[in-house]
Each structure stands twice: as structure tokens, then as C-alpha cells.
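Analysis of the macromolecular model
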Amino acid sequence: MQQTIKQGHNGPQSEPGRKPKPQYQSAFNILGAYTRPHRLTFAMVMVCTVIAIACELFQPYLVKIVIDDNLMVGKNDFGSLLIICAVYFGLTIAELLFSYLQNNLLQFAGQSIVAKIRKQLFRHITKLSMSYFDKMPSGSLITHISSDTEVVNQFLGQVLLTLLRDGLTLIFILVLMFQLDTTLGAYCLILLPVIACISIAFRSFIRNTYQMARTRLSALVAFVAENLSGMNLIQAFQQQRSQGKLFEEKNDAYFKANVREIRSMVMFNRTFDLLSNLTIAFVTWIGGKAVLGETLEFGVLYAFITYIRQFFQPINAITQQWNTLQSATVAMNRIWGVLDHKPDIVDPAQPLAIDRDKVEGRVDFNRITFGYGNGSAPIFQGLDLHIGPGEMIGVVGTTGAGKSSLMSLLCRFYDVQEGNVQIDRKDIRDLPQAELHRIVGLVQQEPFLFSGSIIDNVRMFDESISREAVIEACRLVGADVLVQRMQDGYDTKLSERGSGLSAGERQLLSFARIIVFRPRILILDEATANLDSQTEQLIQEALRVVSEGRTTIVIAHRLSTIMQADRILVLRHGAIVEEGTHEELLLEKGYYEELYRHSQGEAHKEQEKQLI
Ligand SMILES: Nc1ncnc2c1ncn2[C@@H]1O[C@H](COP(=O)(O)OP(=O)(O)OP(=O)(O)O)[C@@H](O)[C@H]1O
């Protein structure tokens, strides 16, 4: 479905800070594409709505018949009176039934559409390239999946129903009024411009108060989220009181905006009530005179007054749904803005076949040029690096030298602008991404754990990996001791991001994960930075086992992790400035030797501290 809708150049934007404008046409086009498969359901909703409205509006007409044809003419025809009462009752039941059907059908179609949008959105986001996430704050994406889809849900469940039911009710009432009495009908028509003026005046006022309340709520939520994630800092720096004060300010602002919004809504509703009562008084005066002058039947006047009451209710309802209509338009365009974004990194039309079990693990960076493309200078310019199968490479360098970026290129999180990256002499852009990510395994400094059991976290919810394989991997990296201490062992449920574990413990589990997946090329990006020396020794041992027969690239600030590497590269400003074994580099007396001397000094200081 995605391909069927075209977005204009000034299409939806979701950048923060820009006040989104409703673009009705594109929003309705998008929604139209989603509703098309539910055509039949919507047609049935329409039929049910028409029947329900007809049943409702025919009731005052029946009372008019009773008054004019029976009561006023003094007929003692109890039989026809009973029939009319039975029809009235039947209409009430039919109205109930068809309203129920209409509601259920519409809700079902609406919920199915929103569930589909949510699913598509989540799937699409997981396929987007890293460059997209660099630009898009995750908070915005969460809003798209939760709040924006919820607003669309409200639109389909409430707004659409109101527009359909109340819009049709209005038309039917006008027809009935004119059918009953043209003069009184014409008088009521004069009211329409007055109603329109009041609605327009209030609409913009209500919209502003609504927007203000939503903006202040977002600010409040963002503030709470920020405080929750930085709670340790707030407590460490004793910022509870000042943060509490800031929260109070935001809370107070939201409270005021809410009160303002409610006040304007009440004001609007009461104005409408007033107008409705004034109209009834006016019609009673005009109609009453006509009844007394015997130019109008009493039943007609009764029906008229009932219809006037029913006339204001739909106008009120439609005006009240106006805000949701606008929010839904903005939300739909924003959702489409995400769905319309094509990933930068895509699989080739005809990917090269590769047998991952037969991969030797040769890696070549061939004269690559790469920059993040946001106007900044390229990080690598014509960099050449060749790594043999099974080689263990250590990478050191200054902060910002490009170590992690180089590894991101090997994982194809980004594509190079010039040159190419090859695995076993095959350009990684020609390989299917799913295969590439099974060939190249990455362990980062901040390992990520999902909510779920330890078993599932290690095997990444891949049920084809046996429980035994997971336990074996944990034993290999020494994580079994940690797991055994836990209440439910390997079935212990980890909380969000594994927050119940220390950084070192989380790292051990991510090591077990990499062992389970057995990638042919292994990248450790500062993976041992958070470990104490005892755990690091465990990891060193695990690393020795796991790197056997595998190409391993270890980025490290701690030189102890890479001293045994076959080759160490020193990266500076995106270029390899030194290269060799630990001993060779020490003899060179360059940056590496300086780094080594420094680390030795740190180690001595550490030892002295421990002695004191
Ligand atoms: N996603 C990104 N978008 C834009 N620029 C980036 C991005 N990631 C890194 N950079 C920039 O690219 C350069 C290299 O960063 P990189 O993270 O590769 O360095 P590094 O050698 O791994 O540093 P460190 O040792 O501090 O982790 C830096 O100037 C950094 O600011």
C-alpha cells in the first residue's frame, strides 16, 4: 500500500520545533488507501446510520400524527393509537439495534486499520538506516507509534461517526422541518449563519486552548522522562528540590491550560444551549400565534420544537470533534512522513549468494571515503585496510579518530561514499543484510538487553537456538556463576534494558550472545571498558576461545585487551598512522608507545592506591 500514495514536496514533516499544519487532502488520501479494503464494512455502517437516524427522527413525527389526527380532532380511536405506540416502540428498538451495529462495525474497521498502521510503522522503523535515527529523536518515533496512531484511532472511532451520523441528522432534520412547515423552516434557516459565526469564533479559540494544553502536557511528559533517566544524577547532586520546583511550574502551566480549555468548552456549550432556547422561544411565539390563528396544527408545532432541540446537538458535536479532526490530520501526515521515508541501506535487487559457514573472514577496506553527510568533513579519505582470515586486530586511537565509524561501515550501518568494503572479496553492498549481520558480530561498550528471560536475551528470541547452546555459551564466558545466583536461573526475567544487572554482568551476557551466534567476523567495540580487572580476565579468556579461527577486531582504550593481537592499528583523524605488533609499536616510540607508558603509569597509580 505504501507505494500507492504519493507525497508532495511540502509533505508532512516531523522535525521537532516546527508547528505542524493540518494538510487535509493528503491525510484523507492516506486514510482513504487504508479504508479501501474495508469498503463493504463502511457501506454497511452508512446503511445502519441512515436507518438509525430515520428511526430516531420519525418518532416526533409519530407524536405529531397522534396529536393532530387523534387527540386534537377528539377521535376515540384507541386501535390506531395503540398501533402508533407500537410503531414508536419498534422504531426505538430498531434505532438501538442499528446504532449498535453501526458502532460495532465502525469500531472493528477502525481498530483493524489502526492496528495495521501500527504494525507497518513498527516494521518500517526497524528497517530504517542508522542515519535516520541519528536525525530523529527516539521520543518522536515513540510518539508516532503511540499517540499519533491513537489520534487516528479517535478519528475513526469518534470523529468519523460524528461527521456521518450528525451530518446526516442535520440534513434529515432540515428536510423534515421544510416538509412540516415551509415558513417555520425558513425562519430556522436564518439561524444557520448565526450558528456558523458562533462556531467559527469559538473554533479558533477552542483550538488554541486545546493546542496549548497539548503542548504543555508534552513538555511535562518530556520533563518527567528526562528526570527518570537522570535520576541517579539528580540524587547524587541533590537536585530534588530544584527539579521539583521546575516540575511544579510545568504542572501549574498545564493545569491552567486545562482549566482554560474546559472553561472555553463550557462557555461554548452554554452559548449553544442559550441559542437553542432562544430559537425555541421564537418558534413557540411565531408557531403559537399560527396555532391560535388555526393556520398551523398543534402537532406540527410540537414536532418542530422537538426537531429544533435535536438540530443543535449535532452542530455542537461536530464542532467539538473539530480539534480531533485537526490532530488526526497532523498525526496521519506525520505517520506517513515516517512510512514514506525510504531506508538508505537496502538489499541489492539480486544479492550475491553466500554460504556463511564457508566464509573465511577476510576483510578489505579498499580506498574508502566516508563522512556522515551533515555538512561535516569526511572522516576517512581513501583509507586502505586489509585484514586476513582469522587475524586478530587491535585498534587504538584518539577520541573521535573514527574507530567506531570504521566498524559501522563493516556492519553496513552506513555506506561508504567512495571505494568499497569487502568480505572474502565480495562487496558487502552486494550481500543480503540479514546474512551480513550473521557473518559480522558486534559487541558494543553499552550492551543492550531486552525485557525477557536470560535465555531469550542470549539467543535473541531465536527459538531455533537450543537452551543447551545458551547455557554452554554462558559457561564459556563465565556468566554461569552470575546466572546461578539469580532466583530463576536462566529463566530469570530481566527488567527493562537489564537494569537489574551491573554493566559488567550485562557485558558478560552479550558475550555469551555473540558466542551463540558464532559470527565469522567478530568486532568488540570498547567491550571491556566497563569491566573490572577480574571480569576482564574472564572475558580475555573467553575472547581467546571465541576468536580462535575467527577474524577478530578489538577496539580498546585499555591496552591490556589488545597486547596479544596479531596486529595493532593506531588511528588518528581517520588515518592509520602506526601499524604492527605490540613489541614493534613500542620500538617505534610513537603514539602507541606514549599510550602504553601512560597506561603503565595509571596501572602503577592504581596499585599504589590499593596498597594505601
Ligand atoms: N552518527 C554520527 N553522526 C555524525 N557524526 C558522527 C556520528 N558518529 C560519530 N560521528 C563523528 O565522527 C567522528 C568519529 O567518531 P567515532 O565514534 O567513529 O570515533 P571513535 O574513534 O570511535 O571515538 P571514541 O574513542 O571516543 O569512541 C567524530 O568526530 C564524531 O563526532
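Small disclaimer: the values here were computed from a predicted structure and weren't measured. (Residues numbered from 1 in each chain as written. Predicted model: local features only at pLDDT ≥ 70, side-chain atom pairs only at ≥ 80, totals over all residues. Heavy atoms only, no water.)

1. Overview of the layout of surface pockets
Estimates place the volume of the largest pocket at around 2200 Å³. Forming the walls of the largest pocket are 40 residues, and the residues nearest its centre are Thr126, Met130, Phe413, Phe450 and Met460. Residue classes in the lining of the largest pocket are distributed as 25 nonpolar, eight polar and seven charged. Here the lining of the largest pocket spans two domains, since at least three of its residues come from each of domain 1 (1-10 + 24-181 + 327-341) and domain 3 (358-611). (1 Å grid on protein atoms, 1.4 Å probe; cavity = no way out; pocket = protein on both sides within 12 Å on 5 of 7 lines; lining within 4 Å. Points joined across faces, edges and corners; volume = space filled by probe spheres on them. Nonpolar A, V, L, I, M, F, W, Y, C, P; charged D, E, K, R; others polar. Domains from an automatic or database assignment.)

2. Some thoughts on the sheet that holds strand β9 (residues 521-525)
Taken together, the six strands give an open sheet; going across it, the order is β6-β9-β10-β3-β11-β12, and neighbouring strands pair in mixed fashion. Edge strands, defined here as strands with exactly one partner in the open sheet, are β6 (440-443) and β12 (575-580). Adjacent strand axes in the sheet meet at a mean angle of 20° when their direction is disregarded. Pairing of β6 with β9 involves four bridges; the strand directions are parallel. For Leu442, the partnering residue across the bridge sits in β9 and is Ile523. Against the sheet, helix α11 (residues 403-410) touches β3 (392-397), β6, β9, β10 (551-555) and β11 (567-572), its axis set at about 150° to β10. Against the sheet, helix α16 (residues 503-517) engages β6 and β9, with an angle of about 175° to β6. (Pairing = 2+ DSSP bridges. Helix = DSSP H or I, 4+ residues; strand = E, 2+ residues; numbered from the N terminus. Axes fitted to C-alpha atoms, helices over the stretch in contact; angles between N-to-C directions. Contact = heavy atoms within 4.5 Å.)

3. A short note on the UniProt feature "transmembrane region" (unreviewed entry) in the chain
The positions that UniProt labels "transmembrane region" (unreviewed entry) are, in the present scheme, residues 40-61, 81-101, 155-178 and 184-205. End-to-end, the C-alpha atoms of residues 155-178 are 32 Å apart, and along that stretch the chain is 100% helix and 0% strand. With 100% helix and 0% strand, residues 184-205 has its two end C-alpha atoms placed 32 Å apart. (UniProt positions renumbered as here; feature names shortened; annotations may be inferred.)

4. Re helix α8 (residues 240-292)
Along an α-helix, residues three or four positions apart point the same way, because every turn accommodates 3.6 residues. Here α8 is 53 residues long and its end C-alpha atoms lie 75 Å apart, about the 78 Å a rise of 1.5 Å per residue gives. Glu294 sits one or two residues past α8 and shows a positive phi near 60°. (Expected span 1.5 Å × (residues − 1).)

5. Digging into a nonpolar patch on the surface
There is a patch of nonpolar side chains on the surface, built from Phe448, Phe450, Met460 and Phe461 and spanning about 350 Å² of accessible area. Considering the arrangement of structural elements, one finds Phe448 in the loop between β6 and β7 (452-453). Accessibility expressed as a relative area gives 38% for Phe448, which makes it partly exposed. (Patch = residues over 30% accessible without salt bridge, like charges linked within 9 Å, V, L, I, M, F, W, Y side chains within 5 Å. Areas by Shrake-Rupley, 256 points an atom, 1.4 Å probe, with all protein chains shown as cover. Salt bridge = Lys/Arg side-chain N within 4 Å of Asp/Glu carboxyl O. Buried < 20%, exposed > 50% of the residue type's maximum accessible area, 1.4 Å probe, protein only.)

6. Re the environment of Thr552
Of note, Thr552 is situated in strand β10. Judged by its relative accessible area of 0%, Thr552 is buried. Leave out the neighbours within four places in its chain, and Thr552 touches Glu391, Met392, Ile393, Leu522, Leu543 and Ser547. Side-chain polar atoms of Thr552 contact the backbone oxygen of Arg550, separated by 3.3 Å. (Polar contact = N/O pair within 3.5 Å; in protein donor to acceptor, adjacent residues only side chain to side chain.)

7. Looking at the pattern of salt bridges
Under the defined criterion, the tally for this structure stands at 19 salt bridges. As a salt-bridge pair, Lys342 and Asp340 come within 3.9 Å of each other at their nearest N and O atoms. Owing to a relative accessible area of 55%, Lys342 belongs among the exposed residues under this scheme. Take Asp340: its relative accessible area is 27%, and that puts it in the partly exposed class. Taking the shortest distance from any N to any O, the salt bridge between Arg475 and Glu472 comes out at 3.3 Å. Of the two residues, Arg475 and Glu472 are both situated in helix α14 (residues 467-477); the distance of three residues between them amounts to about one turn of the helix. Arg475 gets classed as partly exposed once you look at its relative accessible area, which sits at 48%. One continuous salt-bridge network, built from bridges that share partners, spans Lys64, Asp68 and Glu297.

8. As for the sheet that holds strand β2 (residues 380-387)
On the basis of which strands lie adjacent, the open sheet formed by four strands has the order β2-β1-β4-β5 and antiparallel pairing. Taken across any chain shown, the strands that pair with only one partner, and hence form the sheet edges, are β2 and β5 (426-427). Sheet analysis places strand β4 (residues 418-423) next to β5, joined by two bridges and oriented antiparallel. Counted as the bridge partner of Gln422 is Asp427 from β5. Each of β1 (363-370), β2 and β4 is contacted by α11, which is oriented at about 115° to β1, the strand it contacts most.

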